[in-house]
Amino acid sequence: MKLEGKAAAITGAGSGMGKAIALAYAREGAKVVVADINLDAAQAVAAEIGAGGREAAAVQIDVRDQAQAQAIVDAAVQSFGGLDILVNNAGVGRIIPFLETTNEDWDFMFDVNCKGLLWCSQAAARQMIAQGRGGKIINLASQAGRRGEALVLAYCASKACVISMTQSMALALAEHKINVNGIAPGIVDTPFWVEVDKQFARLLGWEVGEPKRRFVASIPLGRIEQPEDVTGAAIFLASSDSDYMTQQTLNVDGGNWPG
Ligand SMILES: NC(=O)c1ccc[n+]([C@@H]2O[C@H](COP(=O)([O-])OP(=O)(O)OC[C@H]3O[C@@H](n4cnc5c(N)ncnc54)[C@H](O)[C@@H]3O)[C@@H](O)[C@H]2O)c1
């Protein structure tokens, strides 16, 4: 097992990729803080981990709130005696054309995807520095952060920001042996993309389901990404196998983006 004896906290772990990563980390021996704004969802994932004979604690947090971000660390310390791994996975997206993007749209996406990531990372890094045994921070970016899209300006910008924050945090924390890396998924079959599909369909005048079908048809590996497809990279970046790697964002997208 790659994560035996480690304590991990994952935001947005009640659904999609966060849930898949929480279950995978538990299988690899980690104790997991399952954090989500949706407490029922977090508790269900923690219960699933418990049923598998592993330890987990569910915490309700809104990552946008600095005090609540600290609660993830407090839960890890109280339940598991410390924190070794943080996965900043909580994220939101809206498909909105450039000219229609509002102040509220911009703040919603940047507050969750970027500011929330900052608060959680600061709280985790302070704990990891105090512990003096290094650590791992993993940020969920997106293929959307690699390039612009006419209908996706604010979300693309927020995920480019995540890639940039990963680089700056990695440099700030290198002296503490805290590795900071990211994962950029492609089109992933989660509740997130159900909404994205509907929003694209409305804007493009297509039937619901058609955006997903068309976009998936151009993925080189020929199928939609499943939440479990990111768990290999997430385990690698949380384990000692990636100790000499920092500042990087790995594309796990079926070859959708060449960069
Ligand atoms: N689905 C995709 O195609 C895709 C592709 C690339 C990147 N991503 C990114 O991957 C991450 C996970 O996406 P997913 O598809 O698994 O999403 P999802 O919608 O299935 O899950 C997101 C989880 O985050 C939680 N959340 C939302 N706002 C929160 C907040 N303020 N505080 C705490 N928790 C909050 C939700 O309750 C939910 O459980 C996100 O950062 C997303 O932007 C998704």
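Use the structure listed above.
Residues numbered from 1 in each chain as written. Predicted model: local features only at pLDDT ≥ 70, side-chain atom pairs only at ≥ 80, totals over all residues. Heavy atoms only, no water.

A. Up close: unusual backbone geometry. Here Lys 177, not a glycine, exhibits a phi torsion of approximately 60 degrees, which is positive. With respect to the helices and strands, the residue Lys 177 is situated in the loop between helix 5 (153-173) and strand 6 (178-185). Residue Gln 247 is not a glycine yet carries a positive backbone phi of 80 degrees. (Helix = DSSP H or I, 4+ residues; strand = E, 2+ residues; numbered from the N terminus.)

B. How the structure looks around the pairing of strand 2 (residues 31-36). The buried fraction of strand 2 amounts to 5 of the 6 residues, a majority that puts the element mostly inside the structure. Looking at chain direction, strand 1 (residues 7-11) and strand 2 are connected through 5 bridges and run parallel. The residue of strand 2 that forms the bridge with Ala 7 is Lys 31. Once the chain exits strand 1 it traverses helix 1 (residues 16-27) before rejoining the sheet at strand 2, and the crossover so formed is right-handed. Of the strand pairs in this sheet, strand 2 and strand 3 (residues 56-60) are connected by 5 bridges, and their pairing is parallel. (Buried < 20%, exposed > 50% of the residue type's maximum accessible area, 1.4 Å probe, protein only. Pairing = 2+ DSSP bridges. Right-handed = clockwise from strand over helix to strand, strands pointing away.)

C. Just the site of the ligand, in detail. Lining the immediate surroundings of the ligand are 27 residues, of which Ser 15, Asp 36, Tyr 155, Thr 190 and Trp 193 lie closest. Within the contact set of the ligand, an oxygen atom lies 3.5 Å away from a backbone nitrogen or oxygen of Gly 186. Val 188 is positioned such that a nitrogen or oxygen atom in its backbone is 2.8 Å from an oxygen atom of the ligand. Across the complex, the protein chains shield 92% of the 830 Å² of accessible surface that the ligand would expose by itself. Put simply, the ligand lies in the largest pocket. Broken down by secondary-structure element, the contributors of at least two residues to the shell around the ligand are helix 1, helix 5 and helix 6 (191-204). Here the element with the most residues in the shell around the ligand is helix 6; it accounts for 3 residues. Taken together, the residues of the shell around the ligand sort by class into 15 nonpolar, 8 polar and 4 charged. (Near = heavy atom within 4 Å. Polar contact = N/O pair within 3.5 Å; in protein donor to acceptor, adjacent residues only side chain to side chain. Areas by Shrake-Rupley, 256 points an atom, 1.4 Å probe, with all protein chains shown as cover. 1 Å grid on protein atoms, 1.4 Å probe; cavity = no way out; pocket = protein on both sides within 12 Å on 5 of 7 lines; lining within 4 Å. Sits in = over half its atoms within 2 Å of the grid points. Nonpolar A, V, L, I, M, F, W, Y, C, P; charged D, E, K, R; others polar.)

D. Seen up close, the side chain of Ser 242. Along the chain, Ser 242 turns up in the loop between helix 8 (231-238) and strand 7 (249-252). Each residue touching Ser 242, except ones within four places of it in the same chain, is listed here: Lys 136, Asn 179, Phe 236 and Leu 237. (Contact = heavy atoms within 4.5 Å.)

E. View of the sheet that holds strand 5 (residues 135-140). The strand order across the open sheet built from 7 strands is 3-2-1-4-5-6-7, with neighbouring strands paired in parallel fashion. For this open sheet the edge positions go to strand 3 and strand 7, each flanked by a neighbour on one side alone. The sheet shows a mean angle of 15 degrees between the axes of neighbouring strands, taken without regard to direction. As paired elements, strand 1 and strand 4 (residues 85-88) share 3 bridges and run parallel to each other. (Axes fitted to C-alpha atoms, helices over the stretch in contact; angles between N-to-C directions.)

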